[in-house]
Amino acid sequence: MSKSIVSTAVAGALLVLASQAAVAAPDWGKVAKRDINVFHAGVAPIEWMTKKSDHSGSAGMRKGESCAGCHEEKGTLNFNFKRLADKEMEPKGAPKTMIFPVSVQAAYDAANLYIRLTFKAPSGGADKGDKDNEVKATLLFADAKVPQADQYGCWQTCHTDARTMPGADDKKTKYIAAGAYELIQWASKGNKVSDGSVTTERKMSGGGTGAKAEASKSGDTYTVTFTRKNPGEGKAIPFGVAIHADHAQGRFHHVSLGYKLGIGADGDVKATKQ
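Just so you know, these numbers come straight off a predicted model, no measurement behind them.

Visitor: Where do I start with the overall build of the protein in this structure?
Guide: A count of helical and extended segments in the protein gives five helices and 14 strands. For the protein, long-range pairs separated by at least 24 residues make up 70% of all intrachain contacts whose partners lie at least 6 apart in sequence. Only carbon and sulfur atoms are counted for the fraction: they give 51% of the accessible area of the protein, which is about 12800 Å².

What follows is the structure, encoded as structure tokens:
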């Protein structure tokens, strides 16, 4: 496997709230909501997940079972959170809130795909490495060349030697064996969006999807709306969500399992045509 260093390119200037008049907003009242739980995974990269002695579910994974197919149960996730919070799985210290829901809505028109995330970002994090941003919200989309993206979600990008892992290389970021993930991240300071790729290349391949974001906060609830070019009707795209809460950096996020976004197609989240 190639272990290349990956960075994220800033694709736009600061975005001011309610300044997206050029893009017609969807009627979100007519778009279904789907709660996706995000959780703190600790030190559980792809190498840990696929090793039988560490992860009992690795046998199911070898048979083609997805992470969500095994762990999503009765509207929540059936992880052993006590284990995920212990010193073996989280040597720095676990956040006080190990799991919380993110409401996901998706819509599309001829030009654009819109995804709206609504969530309450918890406090009580053990890592506060990002002094500038209290909250960051991330979407990750896999292309058709990423191996087993349907099963593993964003774990294909997460490795033991990447930065913020214990004893890892601080200069090495996310990487994969083949294909590319599109990564769009909104950051609370300056209401800023970054649009980049996680690839096998040392040189940044760039996003190029015209990604934008706008956000608002009401009480303790954030609403972040992402807009990007419509990748095409009739597609089901593997995607994931990550939230960095309480100034967290790197792997100290809360992350979703892998799901499919259906754009005029079946999916765990189905985009509404408008």
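Anyway, onward from the coordinates.
Visitor: What is the right way to look at empty space enclosed by the protein in this model?
Guide: It is the rolling of a water-molecule-sized probe over the atoms that shows where space remains empty. Throughout the structure, instances matching the rule amount to two cavities of 30 Å³ or more. For the largest cavity, the calculated volume is near 110 Å³. Looking at the largest cavity, it is lined by 17 residues, and the ones nearest its centre are Pro95, Gly125, Ala126, Phe252 and His254. Class assignment for the residues of the lining of the largest cavity results in seven nonpolar, eight polar and two charged. When its volume is computed, the second largest cavity comes out at roughly 30 Å³.

Visitor: What should I look at first to understand the pairing of strand S7 (residues 180–187) in this one?
Guide: Two faces belong to every sheet, and in a regular strand the side chains alternate between them. Buried residues dominate S7, accounting for seven of its eight residues. Alignment of S7 against strand S8 (residues 192–199), held across eight bridges, turns out to be antiparallel. Opposite isoleucine 184, over in S8, you have aspartate 195 as the bridge partner.

Visitor: Mind showing me how you'd approach the nonpolar core here?
Guide: Side chains of a nonpolar character, in soluble globular proteins, are inclined to be buried together. Grouped together as the largest cluster of nonpolar side chains are 62 residues, with contacts concentrated most on Leu117, Phe119 and Trp155. Among all residues touching tryptophan 155, those that are not within four sequence positions of it are Phe39, Ala41, Ala44, Pro45, Ile46, Met49, Val255, Ser256 and Leu257.

Visitor: Please explain the side chain of serine 256 as it appears in this structure.
Guide: Along the polypeptide, serine 256 turns up in the loop between strand S12 (254–255) and strand S13 (259–263). Residue contacts for serine 256: discarding those within four places in its chain leaves Ile36, Asn37, Val38, Cys154, Trp155, Gly240 and Val241.

Visitor: Before we go on, may I ask you to explain unusual backbone geometry in this structure?
Guide: Most peptide bonds adopt trans geometry, and most residues besides glycine take a negative phi value. Its identity is not glycine, yet threonine 164 carries a phi of approximately 75°, on the positive side. Positionally, threonine 164 belongs in the loop between helix H5 (149–152) and S7. Backbone geometry places histidine 247, a non-glycine residue, at a positive phi of 65°. Note on placement: histidine 247 falls in the loop between strand S11 (235–244) and S12. Here histidine 247 falls in the partly exposed class, since its relative accessible area comes to 23%.

Visitor: Could you clarify how one ought to interpret the pattern of salt bridges in this entry?
Guide: Taken as a whole and assessed by the stated rule, the structure comprises twelve salt bridges. Here aspartate 27 and lysine 30 are joined by a salt bridge, their closest N and O atoms 3.9 Å apart. By relative accessible area, aspartate 27 is classed as partly exposed at 37%. The class of lysine 30 is exposed, set by a relative accessible area of 63%. With a shortest N-O distance of 2.6 Å, aspartate 130 and lysine 136 are connected by a salt bridge. Lysine 136 shares its class with aspartate 130; the two are buried.

Cut-offs and rules
Residues numbered from 1 in each chain as written. Predicted model: local features only at pLDDT ≥ 70, side-chain atom pairs only at ≥ 80, totals over all residues. Heavy atoms only, no water. Helix = DSSP H or I, 4+ residues; strand = E, 2+ residues; numbered from the N terminus. Contact = heavy atoms within 4.5 Å. Areas by Shrake-Rupley, 256 points an atom, 1.4 Å probe, with all protein chains shown as cover. 1 Å grid on protein atoms, 1.4 Å probe; cavity = no way out; pocket = protein on both sides within 12 Å on 5 of 7 lines; lining within 4 Å. Points joined across faces, edges and corners; volume = space filled by probe spheres on them. Nonpolar A, V, L, I, M, F, W, Y, C, P; charged D, E, K, R; others polar. Buried < 20%, exposed > 50% of the residue type's maximum accessible area, 1.4 Å probe, protein only. Pairing = 2+ DSSP bridges. Core = buried A, V, L, I, M, F, W, Y, C linked by side-chain atoms within 4.5 Å. Salt bridge = Lys/Arg side-chain N within 4 Å of Asp/Glu carboxyl O.

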